[in-house]
Every structure is written in C-alpha cells, then in structure tokens.
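# Inside the fold
Residue strings, one per chain:
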Amino acid sequence: MACFIAPLVEAIAVTVIRKVNKQPTNILGRQLPALEKMLWGGTLMLIVDHVINGELTWKFPFFTALNELEGAQVMLREILVVGVPMAAVLTAAWIVWAILKESRKPLNQTN
C-alpha cells in the first residue's frame, strides 16, 4: 500500500542531484537520467496499481491502511520490507547497465 514511497523519495533525490550536477564527469553521473526515468516511471506505475486496488484514495487520509488502528505500522513495515529493497534492486540493476553501456563506448565519445 505504501511501497512506492521509497522509490519516490529516491526519484526526488536523483532529480535534485541531476539538476545540481550539470556536467557529470563519472560513469554513473552521465547515466543518471536513465535512473531518474526508471524511478519516476516505476513510482507512477505503483501509484496507479495502488489506486486500482483501492489501497490509495483521493480523500484524506489517502492510504486506506490509515483507517485501521495499527495501519501506520503496517505501512512503515511495507515501505521498509518491500519499497526499500525494490528501489535498491532497481538501482543495482541500473549500475550494472550503466557500467556495461559506458564500457561499450568508443574512448573519444562522452555520451
């Protein structure tokens, strides 16, 4: 119900880092836009999924779990157990992809 919070926070952080770092010089910095798109796209897909499944609504408190007595604990556990590992695996896959992509470029090419 709230697993999208972890990739959402990471997407916001990556967006800020990319905007601050205008001329990246390292391998991962040059491939940051791809991670940003993956995180924002995944977050959007998860939000749509949670809306369709009725776990997320358009009225306060937005998360249906918060209507229950211990709903906040359930949400926090889902963020930590599902959301954080999901974002970590996505980031690890992006790192492997970025390194492989950079290793295939000719030496005189930067993008």
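Refer to the structure above for everything that follows.
Below is a short write-up of the structure. (Residues numbered from 1 in each chain as written. Predicted model: local features only at pLDDT ≥ 70, side-chain atom pairs only at ≥ 80, totals over all residues. Heavy atoms only, no water.)

Glancing now at the overall build of the protein. What the protein contains, in helices and strands, is four helices and zero strands. Sequence-ordered secondary structure for the protein, helices as α and strands as β, is α-α-α-α. Computed over C-alpha atoms, the radius of gyration of the protein comes to 17 Å, more than 25% over the 13 Å expected from 2.2 N^0.38 for 111 residues, which places it beyond the range of a compact globule. Relative to its 111 residues, the protein shows a buried fraction of 31%. Counting contacts in the protein only where the partners sit at least 6 residues apart, residues at least 24 apart contribute 73% of the total. Counting only carbon and sulfur atoms, one obtains 69% of the accessible surface of the protein, whose full area is about 7,600 Å². Each charge sign in the protein was given a centre, from 10 positive and 8 negative side chains, and these centres are 17 Å apart. (Helix = DSSP H or I, 4+ residues; strand = E, 2+ residues; numbered from the N terminus. Rg over C-alpha atoms; globule rule 2.2 N^0.38 Å. Buried < 20%, exposed > 50% of the residue type's maximum accessible area, 1.4 Å probe, protein only. Contact = heavy atoms within 4.5 Å. Areas by Shrake-Rupley, 256 points an atom, 1.4 Å probe, with all protein chains shown as cover. Lys, Arg positive; Asp, Glu negative; His and termini not counted. Charge placed at Lys NZ, Arg CZ, Asp CG, Glu CD.)

At a minimum axis distance of 9 Å, the contact between helix 1 (residues 5–20) and helix 3 (residues 32–52) shows a crossing angle of 150°. In terms of orientation, helix 1 and helix 3 fall into the roughly antiparallel class. Crossing angle aside, the handedness with which helix 1 passes helix 3 is left-handed. Counted together, Pro7, Leu8, Glu10, Ala11, Ile12, Val14, Thr15, Ile17 and Arg18 of helix 1 and Leu32, Pro33, Leu35, Glu36, Leu39, Trp40, Thr43 and Leu46 of helix 3 form the full contact between these two elements. Here the residues of the contact of helix 1 with helix 3 sort into twelve nonpolar, two polar and three charged. (Axes fitted to C-alpha atoms, helices over the stretch in contact; angles between N-to-C directions. Parallel < 35°, antiparallel > 145°, perpendicular 65-115°, else oblique. Left-handed = near helix turned anticlockwise from the far one by under 90°. Nonpolar A, V, L, I, M, F, W, Y, C, P; charged D, E, K, R; others polar.)

Quick look at the nonpolar core now. Core analysis: the largest hydrophobic core is formed by eleven residues, namely Met1, Ala2, Cys3, Phe4, Ala6, Leu46, Leu56, Phe63, Ala65, Met75 and Ile79. Excluding residues within four positions of it along the chain, Met75 makes contact with Met1, Ala2, Phe63, Ala65 and Leu66. In this structure, Leu32, Leu35, Leu39 and Trp94 belong to the second largest nonpolar core, which totals seven residues. (Core = buried A, V, L, I, M, F, W, Y, C linked by side-chain atoms within 4.5 Å.)

Here the focus is the packing of aromatic side chains. For the structure on display, the rule yields two aromatic pairs. Aromatic side chains Phe4 and Phe63 sit 6.0 Å apart centroid to centroid with 20° between the ring planes, which places their arrangement in the stacked category. With Phe4 in the segment before helix 1 and Phe63 in the loop between helix 3 and helix 4 (71–103), the pair connects residues that are 59 residues apart, well separated along the chain. The burial state of Phe4 is the same as that of Phe63; both residues are buried. Ring centres of Phe60 and Phe62 lie 5.9 Å apart, and the angle between their planes is 85°; on these two criteria the pair is classed as edge-to-face. Note on Phe62: relative accessible area 40%, which makes it partly exposed. (Phe/Tyr/Trp six-rings, centres within 6.5 Å; stacked < 30°, edge-to-face > 60°.)

Right, let's talk about the side chain of Thr15 for a bit. Here Thr15 lies in helix 1. Among the polar contacts made by the side chain of Thr15, one reaches the side chain of Glu36 at a distance of 2.8 Å. Only 2.9 Å separates the side chain of Thr15 from the side chain of Trp40, close enough to count as a polar contact. Apart from residues no more than four positions distant in its own chain, Thr15 is found in contact with Glu36 and Trp40. (Polar contact = N/O pair within 3.5 Å; in protein donor to acceptor, adjacent residues only side chain to side chain.)

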